[in-house]
Amino acid sequence: MKQYPISHATFNDYLMMYLAKWKRVAVVLLFVWIVVTYLVISPLRCNGVTDDVLEYQERCRSLSSQLESLRQQHSNLIAQIRKSSGLNGNLKDLDPSLLESGQGPSEEYENLRRRIYSNTKEIWYYINHEIGKLIADEVKADSLQAILNQVADRKRSLLSDQEKLPELDGYKEWRETEAANVSELVQRRLKHLQNPPDCRDARKVICNLNKGCGFGCQLHHIVYCLIFAYATERTLILNSKGWRYNSKGWDYVFHPISDSCTTSYDDKVMPWPVSYDAKVVSLPFIDSISQKPKFLPLAIPKDLAHRIVRFNGDPASWWIGQMLKYILKPRTTMQKAINETIANMNFKSPIVGVHIRRTDKVGTEAAFHHIHEYMTHVKDYYDQLELTRPVDTRRVYLASDDANVLEDARKKYPEYEFIGDASIAKTAATHRRYTPLSLAGLLVDLHMLSTCDYIVCTFSSQVGRVAYEIMQTNRVDASQSFFSLDDIYYFGGQNAHDRRALMPHTANAKDEISFQVGDLIGVAGNHWNGFGRGTNKRTNLNGLIPWYKTADHLVLYPFPEYKQVPLYSDTRQKG
């Protein structure tokens, strides 16, 4: 089988690293230029016209030409470095002045670091899939399994080394501070939006919490409404009386999303879209929305993009996580019930969270996955972790809507300590799901999963995606802290998810498609075998693409910048 794609990726990675070194060379060249200029000009400060001065003037003219050549080389180097950084597509179109000089790592460094990590995994997906097929055909199975085990060890070593980079590059504290600063800024903006000075006069958007689906789906419905409110500078009014999880409404379980503005009074409510700027509009479900706005996920705010990408590898899920952070604030009674359940569990790090969705999803929206499929990735996580630290107990927090899964896991994997509550699984059964007790259990699961060091789940499940989104709010970067057995991350009802080609590709098989550098490819998913499926938007051809030759294309939308909200809080100084 041809190995050109893999060798090409290695060359590209080395090229990017060499370009990073050239940045330092460019700075040295600039410094040399300044010093030489000073040394050449300084003798000319003497009075009179002497032979020495004339000689220096002649040397100055000669060196001036050389310095101009150096300046041009310096400019070319900077241009080449900037050109090489196109890992986040349209970010290069933003004003560089938005980036505070000297503050934190460069985008080029961060993008390259994440790309090396991602492509190491892509090599593994490919090798694992291809050799796995041969093993299934019993072609020298023992020898191939030994090869696969050796490749797995090397993959874990590579990823382990790469995980140390953020710890050793000197920017760990900066990332933590910047992540907290940007998160707090978003939360202050949302609070400002949701608490207008004059509620009666404020423009509003109505969100009806009557969607006939589970809690994860309803959470994402509120997130969609809040993003709409943020983009249009309207205060969000949540109508939740008769809510299927608690008939008294959302505010009976959680703190209200506004402290001062919770009604539209008697103003006329117009269904969106409207042909004029109505004072109050109501939103349809995202699934049935017409004239879908460009600010819907997976778009992120243009004014924050340069800051987010420098500490987080999945800005879209981070942005959605910030919406959840604002709305998910349980009241005292609910929080007490959650805390009491957690206190009875032996929950401590290291721990891997596993969410297994069964019952109503299987066979309709998702395929059935056996416990061993999840545990393969749990084992891989711990095997890699043990390269850098001792692990006394391999703990797993297991959440499921099937009460039998926990006991089954304990029998099949006695070398692991499984933590979970079978009673929560029982309340998640289809006929008991929409009750306050079931909601409390689900909130426990979401809290525990999002607090784990790593999660294995299916992103076809809303709960799996919500757990990941919340995880993005309680650490700097959770973009490498999960594995989904099926879908890549998505937001239900989202706009197109595109990847941009970083390297050209010529189809090597009938089910592959070709693309050129810069092509946008609308993706349908990653097959976790080194390839994904997508449609080249230039050629309109659909087929398999080598994932490592592409990168996510960030969609930047000019959301309001809320300049009346200070960039930094009183208690946290600019980093």
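See the structure above.
Reading the values: rules and limits
- Residues numbered from 1 in each chain as written.
- Predicted model: local features only at pLDDT ≥ 70, side-chain atom pairs only at ≥ 80, totals over all residues.
- Heavy atoms only, no water.
- Buried < 20%, exposed > 50% of the residue type's maximum accessible area, 1.4 Å probe, protein only.
- Helix = DSSP H or I, 4+ residues; strand = E, 2+ residues; numbered from the N terminus.
- Pairing = 2+ DSSP bridges.
- Axes fitted to C-alpha atoms, helices over the stretch in contact; angles between N-to-C directions.
- Contact = heavy atoms within 4.5 Å.
- Salt bridge = Lys/Arg side-chain N within 4 Å of Asp/Glu carboxyl O.
- Disulfide = S-S within 2.5 Å.
- Core = buried A, V, L, I, M, F, W, Y, C linked by side-chain atoms within 4.5 Å.
- Domains from an automatic or database assignment.
- Phe/Tyr/Trp six-rings, centres within 6.5 Å; stacked < 30°, edge-to-face > 60°.
- Lys NZ or Arg CZ within 6 Å of the ring centre and 35° of its normal.

1. Overview of the pairing of strand S12 (residues 520–526)
Most of S12 is tucked away: 5 of the 7 residues are buried. When strand S11 (residues 498–501) meets S12, the two strands line up antiparallel, connected through 3 bridges. Pairing of Arg499 across the sheet is with Ile521, part of S12. As paired elements, S12 and strand S13 (residues 531–536) share 5 bridges and run antiparallel to each other. From the neighbouring strand, Gly525 faces S13, where its bridge partner is Arg533. Linkage of S12 to S13, two consecutive antiparallel strands, is achieved through a turn of 4 residues, within which Trp528 is found at a positive phi near 60°.

2. Observations concerning the sheet that holds strand S1 (residues 204–208)
What the 4 strands build is an open sheet, ordered S2-S1-S4-S3; its pairing is parallel. The outermost strands of the open sheet, each flanked by one partner alone, are strand S2 (235–239) and strand S3 (269–271). Averaged over all neighbouring strand pairs, the angle between strand axes comes to 30°, with direction disregarded. Pairing geometry for S1 and S2, over 5 bridges, is parallel. For Asn208, the partnering residue across the bridge sits in S2 and is Asn239. Helix H6 (residues 215–232) contacts S1, S2 and strand S4 (280–282) of the sheet and is inclined by roughly 175° relative to S1.

3. A closer look at the sheet that holds strand S10 (residues 482–484)
Strand order across the open sheet formed by 5 strands is S8-S7-S6-S9-S10, with parallel pairing between neighbours. Edge positions in the sheet fall to strand S8 (416–419) and S10, since each has one partner strand and no second. On average, each strand axis in the sheet is tilted by 20° relative to the strand beside it, whichever way the strands run. Note: strand S6 (residues 351–356) against strand S9 (residues 454–457), 3 bridges, orientation parallel. When the bridges of S9 are listed, Gly353 appears paired with Ile455. Of the strands in this sheet, S6, S9 and S10 touch helix H15 (residues 462–471), which is tilted by about 165° from S9.

4. A short note on unusual backbone geometry
Here Pro297 and Leu298 are connected by a cis peptide whose omega angle stands at 20°. Within the secondary structure, Leu298 is located in the loop between S4 and strand S5 (299–301). Omega for the peptide link from Ser349 to Pro350 comes to 0°, which places this bond in the cis form. Even without being glycine, Tyr265 reaches a positive phi, approximately 55°. Mapped onto the elements of the fold, Tyr265 is located in the loop between helix H7 (250–253) and S3.

5. A word on the pairing of S13
Looking at chain direction, S13 and strand S14 (residues 542–546) are connected through 5 bridges and run antiparallel. Paired with Arg533 across the two strands is Leu544, which belongs to S14. A loop of 5 residues connects S13 with S14, the two strands running antiparallel in sequence, and Asn540 in this loop sits at a positive phi of about 65°.

6. Points about the pattern of salt bridges
If you walk through the whole model with that rule in mind, you get 27 salt bridges. Of the charged contacts in the structure, one is a salt bridge between Arg156 and Asp383, with a shortest N-O distance of 4.0 Å. On the criterion of sequence distance, the pair formed by Arg156 in helix H4 (residues 141–168) and Asp383 in helix H11 (residues 371–385) is long-range, its members being 227 residues apart. Grouping residues by exposure puts Arg156 and Asp383 together as buried. In this structure, the salt-bridge partner of Asp408 is Lys412, at a minimum N-O distance of 3.5 Å. Within this pair, Asp408 and its partner Lys412 are both found in helix H12 (residues 404–412), separated by 4 residues, close to a single helical turn. Where salt bridges share partners, they join Asp153, Lys155, Arg156, Lys379, Asp380, Asp383, Glu386 and Arg394 into one cluster.

7. Considerations on the state of the cysteines
The tally for this structure, following the rule as stated, stands at 3 disulfides. The residue that forms a disulfide with Cys199 is Cys261, at a sulfur-sulfur distance of 2.1 Å. Sign of the S-S torsion, about 70° for the bond between Cys199 and Cys261, identifies this disulfide as right-handed. With Cys199 in the loop between helix H5 (172–194) and S1 and Cys261 in the loop between H7 and S3, this residue pair connects regions lying 62 residues apart in the sequence. Residue classification places Cys199 among the buried residues on the basis of a relative accessible area of 8%. Judged by its relative accessible area of 1%, Cys261 is buried.

8. With respect to the nonpolar core
The biggest cluster of nonpolar side chains holds 90 residues, and the ones touching the most others in it are Phe215, Trp243, Trp250, Trp319, Ile327, Leu328 and Tyr397. Sort the elements by how many residues they give to this core and H6 lands first, with 12 residues. Both of domain 2 (190–301) and domain 3 (330–484) provide at least three residues apiece to this core.

9. Considerations on the packing of aromatic side chains
By the definition in use, this model includes 32 aromatic pairs. An angle of 75° between the planes, with centres 5.5 Å apart, marks the rings of Tyr381 and Tyr382 as edge-to-face. Using a relative accessible area of 18% as the deciding quantity, one classes Tyr381 as buried. Here Arg200 stacks its cationic end above the ring of Tyr265, 4.1 Å away from the centre of that ring.

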